[in-house]
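For reference, the chains in residue letters:
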Amino acid sequence: MSVQFNDAEKLLLSLGVDDPRQIDLPVIAQSLGLEIRYAKLASCDARLVGLGERGIITVRSDANRHRQRFSIAHEIGHWIYHRHKALMCKAAWIDESTSFANKIREKKANEFASSLLMPRYLFEPIISQLKSATFANIRDIAAKFDVSVTVSARKVVESGRFPVILISYRRTGRGWFCRSSMLPSRLYPNAEIHAESGVLSVMFREVDGLPPMRRPATHFFDCREASGAFVREEIFRSHDDGVLSLLTIDDRILSNLT
């Protein structure tokens, strides 16, 4: 069976990239007629303007390195798919715009950025060696690909290899979340933060996270299958994405859901 590569992977392969350390975004941008500049941007993380076959990506100069890399990859995606539009973007996984068309464009650019930074043909040989999803493993992968822990965590979860859910929390409650394809869509995390969740401890104290702990599944899910079951929760503080909770779903819930 032939391997199907997406547009970002085809671009990397055309440039001979066969190691994560070779994902040089300025070189990739240059190959597409793009120049990268850095400036103080007040309302966005990056801006793309172009004319004909040439364009300029301007990135917020005071953003951290990983945010800048994701923003550049995101704008390269816009250049490939939406180059006839002037775009100013927040480098977020889910765009906050109320425009449905904008959300579609942002999602496509985000997916391209994820694949450009962590292509499957380099990522899958690494994750295939893992026996479980933990933040220790996720941080190691993030270091290999020079991406944030959040980007690495989402890639690990969305690989579908482990029965896990990743949830981003802010002080107002649950933000975005993503789940493994191993789990059914009806396993939907609660919007509120449970009073006994470790998330609150990390959010309101000067700690970077908590090691894996066994917690009642009802702290996170309001469904019949969660009753009497437990999950393994591990917590990481992300300076860009709030507090991340990585939940490993136990066999009891999985058997009840099937």
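Up top is the structure.
What counts as what
Residues numbered from 1 in each chain as written. Predicted model: local features only at pLDDT ≥ 70, side-chain atom pairs only at ≥ 80, totals over all residues. Heavy atoms only, no water. 1 Å grid on protein atoms, 1.4 Å probe; cavity = no way out; pocket = protein on both sides within 12 Å on 5 of 7 lines; lining within 4 Å. Points joined across faces, edges and corners; volume = space filled by probe spheres on them. Nonpolar A, V, L, I, M, F, W, Y, C, P; charged D, E, K, R; others polar. Pairing = 2+ DSSP bridges. Helix = DSSP H or I, 4+ residues; strand = E, 2+ residues; numbered from the N terminus. Axes fitted to C-alpha atoms, helices over the stretch in contact; angles between N-to-C directions. Contact = heavy atoms within 4.5 Å. Parallel < 35°, antiparallel > 145°, perpendicular 65-115°, else oblique. Left-handed = near helix turned anticlockwise from the far one by under 90°. Core = buried A, V, L, I, M, F, W, Y, C linked by side-chain atoms within 4.5 Å. Buried < 20%, exposed > 50% of the residue type's maximum accessible area, 1.4 Å probe, protein only.

### Some thoughts on empty space enclosed by the protein
Inspection of every chain in the model, using the stated rule, returns one cavity of 30 Å³ or more. Empty space within the largest cavity amounts to approximately 30 Å³. As for the largest cavity, its lining consists of Tyr169, Glu192, Ile193, His194, Ser197, His219 and Phe220. Here the lining of the largest cavity is built from residues that sort into three nonpolar, three polar and one charged.

### Points about the sheet that holds strand β9 (residues 242-249)
The five strands lie next to each other as β6-β5-β9-β8-β7, forming an open sheet whose pairing is antiparallel. The sheet is open, and its two edges are formed by β6 (173-179) and β7 (209-216), each paired on a single side. Between one strand axis and the next, the sheet turns through 25° on average, direction left out of account. Where strand β5 (residues 164-170) lies against β6, five bridges are found, and the strand directions are antiparallel. In the sheet register, Leu166 faces β6, and the bridge partner there is Cys178. Packing of helix α6 (residues 135-145) onto the sheet brings it into contact with β5, β8 (230-238) and β9, and relative to β8 it is tilted by some 40°. Sitting on the sheet, helix α7 (residues 149-158) touches β5, β6, β8 and β9, and the angle it makes with β6 is about 50°.

### Comments concerning the packing of α6 against α7
Two elements in contact, α6 and α7, have axes whose closest approach is 8 Å; the angle formed by their N-to-C orientations is 115°. Of the possible angle classes, the one that applies to α6 and α7 is roughly perpendicular. Crossing of α6 against α7: the hand is right-handed. Residues Phe135, Ile138, Arg139, Ile141 and Ala142 of α6 form the contact with α7, whose participating residues are Val149, Ser152, Ala153 and Val156. The residue makeup of the contact of α6 with α7, split by class, is seven nonpolar, one polar and one charged.

### With respect to the nonpolar core
Core analysis: the biggest nonpolar cluster contains 46 residues, and Ile76, Leu116, Phe135 and Leu166 have the highest contact counts within it. The contact partners of Ile76, leaving out residues within four places of it in the chain, are Leu25, Ile28, Ala29, Leu32, Leu34, Ile57, Phe112 and Leu116. Membership of the second largest hydrophobic core comes to 22 residues, among which are Ile165, Leu183, Leu187 and Ile235.

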